[in-house]
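# Observations on the model geometry
Residues per chain are reported as follows:
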Amino acid sequence: MALKFYKYQGTGNDFIIVDNRNLIFDKNDSLLIQKLCNRKKGVGSDGLILLENHKNLDFKMIYFNSDSSESGFCGNGSRCITHFAKFLGIVRDNVRFEAIDGIHRAKIIDDAISVKMNNIDAFKIKHFNNGYKATFVDSGSPHLLIHKPDINNFDIIHESKSIKNHFKKNFSKGININYFSLSNDVVSLRTFERGVEDETLSCGTGAVALAVCLEINSKINNNKVLINTKGGELKVNLKKTESTYSDIWLTGGVEQVYSGEYNLDK
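Here's a quick rundown of the structure.

Scoring rules and cut-offs
- Residues numbered from 1 in each chain as written.
- Predicted model: local features only at pLDDT ≥ 70, side-chain atom pairs only at ≥ 80, totals over all residues.
- Heavy atoms only, no water.
- Buried < 20%, exposed > 50% of the residue type's maximum accessible area, 1.4 Å probe, protein only.
- Helix = DSSP H or I, 4+ residues; strand = E, 2+ residues; numbered from the N terminus.
- Arc of directions from axis to C-beta.
- Contact = heavy atoms within 4.5 Å.
- Polar contact = N/O pair within 3.5 Å; in protein donor to acceptor, adjacent residues only side chain to side chain.
- Core = buried A, V, L, I, M, F, W, Y, C linked by side-chain atoms within 4.5 Å.
- Phe/Tyr/Trp six-rings, centres within 6.5 Å; stacked < 30°, edge-to-face > 60°.
- Lys NZ or Arg CZ within 6 Å of the ring centre and 35° of its normal.
- Patch = residues over 30% accessible without salt bridge, like charges linked within 9 Å, V, L, I, M, F, W, Y side chains within 5 Å.
- Areas by Shrake-Rupley, 256 points an atom, 1.4 Å probe, with all protein chains shown as cover.
- Salt bridge = Lys/Arg side-chain N within 4 Å of Asp/Glu carboxyl O.
- Lys, Arg positive; Asp, Glu negative; His and termini not counted.
- Charge placed at Lys NZ, Arg CZ, Asp CG, Glu CD.

## Details of helix α3 (residues 156–166)
For an α-helix, 3.6 residues make a turn, and residues three or four places apart therefore share a direction. What α3 keeps buried is the set Ile-156, Ser-160 and Ile-163. For α3, the angular spread of the buried residues around the axis is 65 degrees, confining them to a single face. Residues of α3 that are exposed and point more than 90 degrees away from the buried face comprise His-158 and Lys-161. Buried-residue contacts for α3 involve β11 (142–147), β12 (176–183), β13 (186–193) and β14 (198–200). Of the residues flanking the start of α3, the one acting as N-cap is Asp-155, its side-chain oxygen 3.2 Å from the backbone nitrogen of Ile-157.

## A few points about the nonpolar core
The nonpolar side chains of soluble globular proteins are, as a tendency, buried together. Counting residues in hydrophobic clusters, the biggest one holds 50 residues, and the most contacted among them are Met-61 and Phe-97. With eight residues, the single largest contributor to this core is helix α4 (residues 204–216). When neighbours within four sequence positions are excluded, Phe-97 is seen to be in contact with Leu-57, Phe-59, Met-61, Phe-73, Ser-78, Thr-82, Gly-102, Ile-103, His-104, Arg-105, Ala-106 and Val-115.

## A closer look at the side chain of Asn-13
Here Asn-13 shows up in strand β2 (residues 13–19). For Asn-13, a relative accessible area of 2% translates into the label buried. A polar contact of 3.4 Å, which involves the side chain of Asn-13, links it to the backbone oxygen of Ser-202. With near-sequence residues (within four places) excluded, Asn-13 lies in contact with Tyr-8, Asp-46, Asn-76, Glu-193, Thr-200, Ser-202 and Cys-203.

## Focus: the packing of aromatic side chains
The final tally for this structure, using the stated rule, is 13 aromatic pairs. A connected cluster of aromatic rings, assembled from ring pairs, spans Phe-128, Tyr-132, Phe-136, Phe-167 and Phe-171. Positioned over the ring face of Trp-249 is Lys-107, at 4.3 Å from the centre of the ring. Just above the ring of Phe-154 sits the side chain of Arg-190; from NZ or CZ to the centre is 5.0 Å.

## Focus on a positive patch on the surface
There is a patch of like positive charges on the surface, built from Arg-96, Arg-105, Lys-107, Lys-224 and Lys-235. With respect to the helices and strands, Lys-224 occurs in strand β15 (residues 224–229). Looking at Lys-224, the relative accessible area reads 43%, which means it is partly exposed.

Function cannot be inferred from these measures alone, as they are strictly geometric.
Rendered as C-alpha cells:
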C-alpha cells in the first residue's frame with residue numbers, strides 16, 4: 001500500500017503533510033512517523049502533519065515531531081498546512097482551524113501565510129539567572145531564549161544539550177532553546193528544537209517567543225519585528241495590553257517542494 005504525501009517547507013522548517021480526511025493514517029504508529037521523518041531512510045523532515053476534517057472549522061491540524069511526539073503547537077507547520085488546505089480547495093484566503101493548543105486563524109496572501117497565535121500571559125514569562133541568563137516564554141510551545149553576541153560561531157548541539165540538562169528540573173517535558181543576537185536593529189535567531197533534538201533552519205513559535213522577549217526587555221520600539229533565521233525571514237506582529245500579548249501574527253513564505261508516495265509494505 002502506498003501513502004500519498006506532500007513535502008513542504010516554511011523558511012527552511014520542513015514537513016511531511018498527509019491528507020487524512022479519510023482517516024487512512026494510523027496516528028498511533030509511532031514507528032511509521034519516525035521512519036517517514038528519518039533523513040537517511042525515509043522522506044526526511046522536522047515533523048509530520050495530518051490534515052483532518054473538523055465539524056465546525058475548515059480543518060484540524062495534528063502535528064508530530066520527527067521523534068513522533070505530539071508536544072506543542074508548530075507555527076511554521078501551521079503556515080504550511082494552511083497553504084496545503086488551499087491547494088486541496090478546502091479554503092480560500094481566510095482560514096480557521098484547530099490545533100493542539102486551540103483554535104487559530106490564518107490569512108493567505110500569495111505565498112506568504114500569516115497565522116494568528118494564541119495570547120501570551122506576561123505573568124507566565126520567567127527570567128532565570130541560575131548559571132544562564134535566560135527568558136522563558138510559552139508561545140504554544142515552550143521556549144528558552146538566550147542572548148548570544150556572536151550567534152554563528154558556537155556548537156549549538158553541544159551547548160543546547162548542556163543547557164537542557166541544566167534546566168531539566170524546570171522543564172521535565174523538554175524545552176526548545178533559542179539563541180538570538182541584535183546588531184544595528186537586525187534580529188537573528190537560531191533554534192534547537194525538542195522532539196527533533198537538532199537545530200532547525202527556522203522556528204515559528206521560537207520567533208514569536210523572541211518577539212515577546214525583546215518587547216518585555218524594551219529591545220524593540222514598535223509592534224512589528226523582523227527576525228532572520230537560517231531558512232529565511234519571519235515577521236511577528238503583536239500588541240501589548242496590560243499584562244497580555246495579543247493580536248499576535250506570524251508571517252513568512254511557504255513552499256510545496258514536492259509530492260510522492262511512500263511504500264507502507266516495506
